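# Architecture and fold: a report
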Amino acid sequence: MSFCQPSWIQGQPGNGRELRTALGCYPTGVAIIATLSPEGRAVGLTVNSFASVSMDPPLVHWSLAQRSPSLPAFDGATHFSVSVLAEDQEALCRRFANPAVPDKFAGIDTVPGAHGIPLVGGAVAQFECRKESRMVGGDHVVFVGQVERFRWREGAPLLFHGGTFVQLPLLKAA
């Protein structure tokens, strides 16, 4: 196949599998989003929908399925954390994506953020955010947060592309 003359595969909006395949052409990072329930229990899940919105003010967003059992905790929370996973944290990614795991944080290396919300150890970046807004977008809820604190380290992130995990060479600070 020639780069200049691609063989396009036409998809129809009603075909979820084709749409998912087309969206999978865009590589994403993988992060664990966490908060505390009203009872103080840590709640967390894996997302690849995390992204920057604005630098001034510093805003980020992520989305959560409306049918997620974690939605009430995030709806009721004032803050959330984002831990961008490192390439060697695929097992954590899978653990936090599995709804059958009752206490995803049990035995996991975490540190509490300024509001007590866990930050995952070993991550390449960590953000502590105040929830600014939420909006319904189709079958998901989109959360926007203002970054209050963050830290990062050199290291390769865990990436997802085309339905599988991929690796990049080590990224250096600019």
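The structure this text deals with has already been given above.
Residues numbered from 1 in each chain as written. Predicted model: local features only at pLDDT ≥ 70, side-chain atom pairs only at ≥ 80, totals over all residues. Heavy atoms only, no water.

### Points about the nonpolar core
Ranked by size, the top nonpolar core spans 22 residues in total, and within it Trp62, Phe74 and Phe80 carry the most contacts. Those elements that place two or more of their residues in this core are strand 2 (31-36), strand 3 (42-47), strand 5 (58-65), helix 2 (71-76), strand 6 (79-84), strand 9 (125-137) and strand 10 (140-152). In this structure Trp62 touches Ile33, Leu45, Val47, Ser49, Phe50, Phe74, Phe80, Val141, Val142 and Phe143, once residues within four positions along its chain are discounted. Formed by 13 residues, the second largest nonpolar core is a distinct cluster that contains Ala34, Phe96, Val120 and Phe165. (Core = buried A, V, L, I, M, F, W, Y, C linked by side-chain atoms within 4.5 Å. Buried < 20%, exposed > 50% of the residue type's maximum accessible area, 1.4 Å probe, protein only. Helix = DSSP H or I, 4+ residues; strand = E, 2+ residues; numbered from the N terminus. Contact = heavy atoms within 4.5 Å.)

### Some thoughts on the pattern of salt bridges
With the rule as written, the count across this model stands at 5 salt bridges. Here Asp75 ties to Arg134 by a salt bridge, and the two come within 2.6 Å at their closest N and O atoms. In this pair, Asp75 sits in helix 2 while Arg134 sits in strand 9, placing the two residues 59 residues apart along the sequence. When its relative accessible area of 29% is taken as the criterion, Asp75 is described as partly exposed. The salt bridge involving Arg149 is made with Glu128; its shortest N-O contact spans 3.0 Å. (Salt bridge = Lys/Arg side-chain N within 4 Å of Asp/Glu carboxyl O.)

### Structural notes on the layout of surface pockets
Estimates place the volume of the second largest pocket at around 340 Å³. Taken together, Trp8, Ile9, Gln10, Gly11, Gln12, Pro13, Glu18, Leu19, Thr21, Ala22 and Cys25 form the lining of the second largest pocket. Looking at the lining of the second largest pocket residue by residue, the class counts come to 6 nonpolar, 4 polar and 1 charged. (1 Å grid on protein atoms, 1.4 Å probe; cavity = no way out; pocket = protein on both sides within 12 Å on 5 of 7 lines; lining within 4 Å. Points joined across faces, edges and corners; volume = space filled by probe spheres on them. Nonpolar A, V, L, I, M, F, W, Y, C, P; charged D, E, K, R; others polar.)

### Focus on the environment of Ala51
Following the sequence through the fold, Ala51 ends up in strand 4 (residues 51-55). For Ala51, a relative accessible area of 27% gives the class partly exposed. The sequence separation of Ala51 and Asp103 amounts to 52 residues, and the corresponding C-alpha distance is 26 Å. Apart from residues no more than four positions distant in its own chain, Ala51 is found in contact with Val60 and His61.

### Topic: the packing of aromatic side chains
Each aromatic ring pair is specified by the distance between its two centres and by the angle formed by the two planes. Counting across every chain of the model gives 8 aromatic pairs. Ring plane angle 70 degrees and centroid distance 5.9 Å describe the contact between Trp62 and Phe80, whose orientation is recorded as edge-to-face. Linking Trp62 in strand 5 with Phe80 in strand 6, this pair joins segments that are 18 residues apart in sequence. In this pair, the class of Trp62 matches that of Phe80, namely buried. Relative to Phe143, the ring of Phe74 lies with its centre 6.3 Å away and its plane at 50 degrees, an arrangement referred to as tilted. (Phe/Tyr/Trp six-rings, centres within 6.5 Å; stacked < 30°, edge-to-face > 60°.)

### Overview of unusual backbone geometry
Here Asp56 and Pro57 are connected by a cis peptide whose omega angle stands at 5 degrees. If you trace the backbone, Pro57 turns up in the loop between strand 4 and strand 5.

### Section: empty space enclosed by the protein
Going through the model one piece at a time under the given rule, you end up with 1 cavity of 30 Å³ or more. Size it by volume and the largest cavity reaches roughly 40 Å³. Considering the residues around the largest cavity, the lining is formed by Phe80, Ser81, Gly113, Ala114, His115, Ile117, Glu128 and Cys129. In terms of residue class, the lining of the largest cavity is built from 4 nonpolar, 3 polar and 1 charged.

### Some details on the pairing of strand 10
Relative to strand 10, strand 5 runs antiparallel, the two being bridged by 7 bridges. Bridge pairing in strand 10 links Leu59 to Gln146. When strand 9 meets strand 10, the two strands line up antiparallel, connected through 12 bridges. Bridge pairing in strand 10 links Cys129 to Val147. (Pairing = 2+ DSSP bridges.)

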